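Close look at the chain arrangement
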Amino acid sequence: MQHILDELARRRAQAKLGGGERRIAAQHAKGKLTARERIDLLLDEGSFEEFDMFVEHRAHEFGMADQKVPGDGVVTGWGTINGRTVYVFSKDFTVFGGSLSGAHAAKIVKVQRMAAKVGAPVIGLFDAGGARIQEGVDSLAGYADIFMENVLSSGVIPQISVIMGPCAGGDVYSPAMTDFIFMVKDTSYMYVTGPDVVKTVTNETVTHEDLGGARVHAQKSGVADGAFENDLEALVQVRRLVDFLPSSNREEAPSRESFDDPSREEPSLDTLVPANPNKPYDMKELILKIVDEADFFEISSEYAKNIITGFARIDGETVGVVANQPQVLAGVLDIDASRKAARFVRFCDAFSIPILTLVDVPGFMPGTKQEYGGLIKHGAKLLFAYAEATVPKVTLITRKAYGGAYDVMSSKHLRGDINYAWPTAEIAVMGAKGAVEIIFRADAKNPEALAQREAEYKAQFANPFVAASRGYIDDVIMPHGTRRRIARAFKSLRTKELSNPWKKHDNIPL
Amino acid sequence: MFSKILIANRGEIAVRIIKTARRLGVKTVIVYSEADADSLAVEMADESVFIGPPPASESYLVAEKIIAAAKATGAEAIHPGFGFLSEKASFARQCAEAGIVFIGPNPHAIDAMGDKIESKKFANAAKVSTVPGYIGVIEGVPHAIQIAEEIGYPVMMKASAGGGGKGMRIAWNRKDVEEGFPAAQSEARNSFGDDRVFIEKFVTEPRHIEIQVLGDKHGNVIYLNERECSIQRRNQKVIEEAPSPFLDAATRKAMGEQAVALSKAVQYDSAGTVEFIVDKDRKFYFLEMNTRLQVEHPVTELITGIDLVEQMLRSAYGEKLAIAQKDVGIRGWAIESRIYAEDPYRKFLPSIGRLVRYSPPQEGDHGSYTVRNDAGVREGDEISMFYDPMISKLCTWGETRAEAITGMARALEDFHIEGLGHNIPFLSAVMDQARFQSGKITTGYIAEEFPEGFKGAELTEGQADLFAAVAAYVQRLQSTRHAGHAAPRSEWVVVIGKSSRRVRLASTDSTLTVTFEDEGRSVTLSHVDWRPGLPLFRARLDGTAFSAHVAQALEGLVIRHRAAKSRVLVLTPNSAELHARLPEKQAADTSRLIVSPMPGLVVSLDVQLGQEVKEGETVAVIEAMKMQNIIRAERDGVVKMIGAKAGDSVAADEVLVEFG
């Protein structure tokens, strides 16, 4: 009997070696950890249970029949993050460069299906060279099978992708359809076609890093939701993110007992908004001062910085925060900001995460670049996302809420549940100067009269009370008591029930 | 006593004066500029009067506005604080003409002491020892050389009208005088519009020690002993103490008596300070007299128990000095640290902005030391570019100098500021230096001890233990709060920089014991006063109280204790092994280009070709969406190319400046 048990141990040991010690050393030399090491860091200690360790590919052409490695380039299974079940797959670059075969794809599909059935997140760790060319269409079919599961699971379970090495061609579309993509700086890149093809087709010379490095996607393209220094940091942060999220759309986000008094007052918020309306301030200070323990997980922190998105907890419960950032471009809504926030709002709604919106927005960004880029439709995405969202929505206007952007930012008119304003709020069609120049065009040549009109307009409209008098604002609140008021608002909304009319699905302006 | 006074100042000194006035039942009026409309001083004063835009030249320095404010509010007297109008004899005269009492010395005394050459003449007449030098007009270089050689090298050449270091040169030999004298003259002319330069002995290993005097309008003057202010950075006092660790009773008495003699010679009738330079043989020389309340006056108050502001009010009102010289003692030791809004890690560059977090140590009795914090700010206030970037004056008092220093080190630990750079780590470093503790200080202290600037301090062994214990505590608390957590593991590896130590943790309800497995010893953390989200971790390590600053990093924690700061990771042995495999990354290559982050109008381009720019310095201001955005250098560099000028419209990503 013992020799049978020994045989299992031997086979396991062999499988765990993946592509062998030489390739593991090469992986380490690049500053990367191996597929299994990464899983160890991601999951609770000793919680990983592996599936399909002995799966091998079935190709025989091009001499593949002689090259078989148990596991076939991807490690799959499940484990826990702070006690909660998650499913993982981790591409093993040491085996066939992590390339995707039919058998490899089937392993991934298996955990995807299990996760959907069980109602647990799927986390994919990418470090692979694309399709296994030797397998031909089987490889393409495998990709499509994975894509299909990504789509079916979208909005059902959280799907998170971490790019920790190359990720190109067919490999990029699975992450693209997941909820969040994180990248590791310097060691990862992501693109549809690599520098060689780019050179051939467009004669453009570009490096891997400049074409699809972590900085490119986290700052310029917005494809990635965050970039981290190394494997460890990335995995630690994924653990932190998972703690904020529900396991599926059938469950609530876990609540975490807070050490932070929900009624805590912050007197310094009374001076956050500067007296000069053209002076910026840091909206993140407000976020950090009102959420539990100043703990805020920011999504896409380096992209479209004029809007802030991320997860926090208030009185122990997860909320999604969307906030204009007056420090960057005055907090204006442009194409990138609208897309970033719209996607975040839809994620929150899909997973029943209440949304806190902090508003200081001067309007939509003017200019040909924006209009040619389709600002109308991109801006409409955010409008659409807020309007269709049925989760609890609490909104606070700190300063400017001008024009259409006021409507968009979770206004009462888009079924905002509780809409607050600080006394410094200015809810109006536009700023005083612009408004006066249009209304009193006759005075255009008379700066004194115009200044007088502007002062009058300011006194009458640059405040929250006009909106409050119509019930568009539920209450004007003291800045120092913001945390208490918002915590109470969300608490009162825990039993909110609201649904949209039956439809196959909506037609958001993509 | 007056029933109402006006305070022609702002910030901490205004608050400090209001406190004494309140205690005496005197009503206060504060004047304020636009920048100070919501200040603590305005909140505390009984009345406030707006006097104009933020620049001092349009508000706090406009005598007419201030006198009008006093008249309008019925204030009988004006306290000028320090700086601004405090040493302007003309202002004192204007007050008198308006029938308002100036709370300070009479204008003749201000005049007499205001000019360096004049004041030296008075000093000589009063038999006050002065630095050997030549008083009078120097006629060109040969005359200067003759004087220098009579005095003996090294000598110092200094602008008569000047203050600070401007127009000041040291000559070690004849050649230095030949070259330096004309340069000093032209600098004096450019800076002060007055090219008179005087020459005096340059004192080596000098200490700055000053005598506080107090006079009344009845001819009485006493001295309240000395303050030592040798810890200076570019002639700016940073740390002061009273008494001086250097003076003996005889020197103290001699200096005090000379200070009184000089004060009497100019009919001095308020609080004032006679500054001396003291050499290594305790020979002292008169420098100048400051005819006002001094920034560092609290240390004198702490060792004498005398409220100097109260005494100024009383003498201004015409009361006779109620304290006799024999009643003035020295009780214990006091130290003052000036907390500045500046970044010590980046060459002490000013770092103004919003006090996102401001939490000073608790004032009052802490057992072996007492804390006093003179501040004019609250959390959420702005340290404005228009005024002195001082945030507060932190003072500690103890029975002995050692206790006062330990107290200061602890008080600095308890001081938490966020939102701008501050010099607390630097001040902590000084408190921890053996040389400072020994009292062997000179005005060259900072330049000698920090020749390369301030880079923080290396962790001591004790601090390495402390960091490990704090990080372990935080890690354990965070990992056990999740609903699904298993029993906490006890073996961990603590990684600080390149060092990693195996630890074993054991906790009770109120303690955490950390055993360093390879060293066979342990430390115990108790009395923990911290919860997640708080920046200050207060506890005792093996019974010794400490406070450390903790901030969450993407991986691990960043902990600062005094001048030592480091990232600390608490990892499982397996994670630690994997962590060790990850290569240390080179600092990210920050681009040589500074581009406009947005389309907008260039309001100003603040650098020139060839200029050396430091990280964090303003490069340009761009207006977009009607808002001004300050574009700062993200690293040090020399400007090689400028791509835009004020008034230009720029597109997003357009190059503003390229570094070479």
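Bear in mind that the values here come from a model prediction, so they are computed numbers and not experimental data.

Taken together, the contact between chain A and chain B spans 47 residues of the former and 36 residues of the latter. When chain A packs against chain B, close to 3600 Å² is buried across both sides, 57% of that on carbon and sulfur atoms. Residue Arg489 of chain B pairs with Glu45 of chain A through a salt bridge whose shortest N-O separation is 2.2 Å. In this assembly, chain A and chain B are joined by 14 residue pairs in polar contact (both at pLDDT 80 or more). At the level of secondary structure, the elements contributing two or more residues to the side of chain A that touches chain B comprise helix H3 (35-42), helix H10 (231-244), helix H11 (283-290) and strand S14 (393-402) of chain A. Broken down by element, the side of chain A that touches chain B gets its largest block of residues, six residues, from H10 of chain A. Looking at the side of chain A that touches chain B residue by residue, the class counts come to 15 nonpolar, 11 polar and 21 charged.

Another aspect to go through is empty space enclosed by the protein. Residue and element names in this part refer to chain A. A complete count under the given rule lists four cavities of 30 Å³ or more for this structure. Quantified by volume, the largest cavity comes out at close to 60 Å³. Lining the largest cavity are 14 residues; nearest its centre among them are Arg36, Pro70, Gly71, Val75 and Asp92. Residue classes in the lining of the largest cavity are distributed as six nonpolar, three polar and five charged.

We now examine unusual backbone geometry. Residue and element names in this part refer to chain B. A cis amide bond links Tyr153 with the next residue in sequence, Pro154, at an omega value of -5°. Mapped onto the elements of the fold, Pro154 is located in the loop between helix H7 (140-151) and strand S7 (155-159). A positive phi angle, close to 50°, is found at Gln267, a residue other than glycine.

With that out of the way, let us pick up a positive patch on the surface. All names here are of chain A. Judged by side-chain charge, Arg484, Arg488, Lys491 and Arg494 come together as a positively charged surface patch. Along the chain, the position of Arg494 falls in the segment after helix H19 (482-492). According to the relative accessible area criterion, Arg494 is partly exposed, its value standing at 47%.

Attention now moves to the sheet that holds strand S26 (residues 499-507) of chain B. All names here are of chain B. Around the barrel, eight strands lie side by side as S25-S26-S27-S28-S29-S30-S31-S32; this closed barrel has antiparallel pairing. Neighbour-to-neighbour, the strand axes of this sheet turn through a mean angle of 35°, independent of strand direction. With six bridges connecting them, strand S27 (residues 511-516) and strand S28 (residues 521-529) associate as antiparallel partners. Residue pairing across strands places Phe516 opposite Arg521, the latter belonging to S28.

Residues and elements named next belong to chain A. Tracing the backbone shows Asp72 in the loop between strand S1 (49-51) and strand S2 (74-81). Given the relative accessible area of 0%, Asp72 is considered buried. At 2.8 Å, the side chain of Asp72 and the side chain of Arg132 are in polar contact. Excluding residues that lie within four positions of it along the chain, Asp72 makes contacts with Val55, Glu56, His57, Val95, Phe96, Ser99, Ser101, Ala103, His104 and Arg132.

Okay, the sheet that holds strand S6 (residues 133-134) of chain B next. All names here are of chain B. In spatial order, the strands read S6-S9-S7-S8; together these four strands make up an open sheet with antiparallel pairing. Looking at strand neighbours, the two that pair on one side only are S6 and strand S8 (169-171), the edges of this open sheet. The sheet contacts of H7 involve S6, S7 and strand S9 (197-201), and relative to S9 the element is tilted by about 20°.

A few words on the confidence of the model for chain B. When pLDDT is averaged along chain B, the result is 91, and 97% of the positions lie at 70 or above. Across the interface, the model reports ipTM at 0.92; the global pTM reads 0.89.

Looking now at the packing of H3 of chain A against H10 of chain A. Residue and element names in this part refer to chain A. For the pair H3 and H10, interaxial distance at closest approach is 9 Å and the crossing angle is 40°. Taken as axis vectors, H3 and H10 run oblique relative to one another. Viewed along their axes, H3 and H10 form a crossing whose handedness is right-handed. Between H3 and H10, the contacting residues are Arg38, Leu41 and Leu42 on the first element and Asp231, Leu232, Leu235, Val238 and Arg239 on the second. Partitioning the contact of H3 with H10 into residue classes produces five nonpolar, no polar and three charged.

In this section: helix H4 (residues 89-97) of chain B. Residue and element names in this part refer to chain B. Buried residues of H4: Ala89, Phe91, Ala92 and Cys95, and no others. When H4 is viewed along its axis, its buried side chains cluster within an angular range of 160° and face the same direction. Those residues of H4 hidden inside the fold are in contact with helix H3 (63-73), strand S4 (77-79), strand S5 (101-102) and helix H5 (107-114). Just downstream of H4, Gly99 is the residue with a positive phi angle, here 75°.

This part is about the domain arrangement of chain A. All names here are of chain A. One can read the domain layout of chain A as domain 1 (2-244), domain 2 (267-425 + 464-492) and domain 3 (431-462). Each of domain 1 and domain 2 has a C-alpha centre, and the two are 35 Å apart. Taken over both partners, the interface formed by domain 1 and domain 2 buries close to 1600 Å², and the fraction arising from carbon and sulfur atoms is 59%. For the pair domain 1 and domain 2, the number of links is one salt bridge. With a closest N to O distance of 3.0 Å, Arg240 and Asp295 form a salt bridge. Across the contact surface, domain 1 and domain 2 share seven residue pairs in polar contact (both at pLDDT 80 or more). For the side of domain 1 that touches domain 2, the secondary-structure elements that each account for two or more residues are strand S7 (180-184), helix H9 (214-221) and H10. In terms of residue class, the side of domain 1 that touches domain 2 is made up of nine nonpolar, six polar and five charged.

Let us look at the pairing of strand S2 (residues 27-32) of chain B. Note on strand geometry: in a regular strand, side chains alternate between the two faces of the sheet. Residue and element names in this part refer to chain B. The buried fraction of S2 is high, at five of six residues. Two elements, strand S1 (residues 4-7) and S2, share four bridges in a ladder whose sense is parallel. For Lys4, the partnering residue across the bridge sits in S2 and is Lys27. Read from S1 through helix H1 (residues 11-23) to S2, the crossover connection turns out right-handed.

This part covers the pairing of S26 of chain B. Residue and element names in this part refer to chain B. Note that strand S25 (residues 491-496) and S26 share six bridges and pair antiparallel. For Val493, the partnering residue across the bridge sits in S26 and is Arg502. Between S25 and S26, which pair antiparallel and follow one another directly, the connecting turn spans two residues, one of which, Gly497, has a positive phi of 55°. Pairing geometry for S26 and S27, over five bridges, is antiparallel. Within S27, the residue paired with Leu505 across the bridge is Val514. Counting the residues that bridge the hairpin from S26 to S27 gives three residues.

Here is what the cut-offs are and how they apply
- Residues numbered from 1 in each chain as written.
- Chains lettered and ligands numbered in written order.
- Predicted model: local features only at pLDDT ≥ 70, side-chain atom pairs only at ≥ 80, totals over all residues.
- Heavy atoms only, no water.
- Contact = heavy atoms within 4.5 Å.
- Buried area = accessible area lost by both parts, 1.4 Å probe.
- Salt bridge = Lys/Arg side-chain N within 4 Å of Asp/Glu carboxyl O.
- Polar contact = N/O pair within 3.5 Å; in protein donor to acceptor, adjacent residues only side chain to side chain.
- Helix = DSSP H or I, 4+ residues; strand = E, 2+ residues; numbered from the N terminus.
- Nonpolar A, V, L, I, M, F, W, Y, C, P; charged D, E, K, R; others polar.
- 1 Å grid on protein atoms, 1.4 Å probe; cavity = no way out; pocket = protein on both sides within 12 Å on 5 of 7 lines; lining within 4 Å.
- Points joined across faces, edges and corners; volume = space filled by probe spheres on them.
- Patch = residues over 30% accessible without salt bridge, like charges linked within 9 Å, V, L, I, M, F, W, Y side chains within 5 Å.
- Areas by Shrake-Rupley, 256 points an atom, 1.4 Å probe, with all protein chains shown as cover.
- Lys, Arg positive; Asp, Glu negative; His and termini not counted.
- Charge placed at Lys NZ, Arg CZ, Asp CG, Glu CD.
- Buried < 20%, exposed > 50% of the residue type's maximum accessible area, 1.4 Å probe, protein only.
- Pairing = 2+ DSSP bridges.
- Axes fitted to C-alpha atoms, helices over the stretch in contact; angles between N-to-C directions.
- pLDDT = per-residue confidence, 0-100.
- Parallel < 35°, antiparallel > 145°, perpendicular 65-115°, else oblique.
- Left-handed = near helix turned anticlockwise from the far one by under 90°.
- Arc of directions from axis to C-beta.
- Domains from an automatic or database assignment.
- Right-handed = clockwise from strand over helix to strand, strands pointing away.

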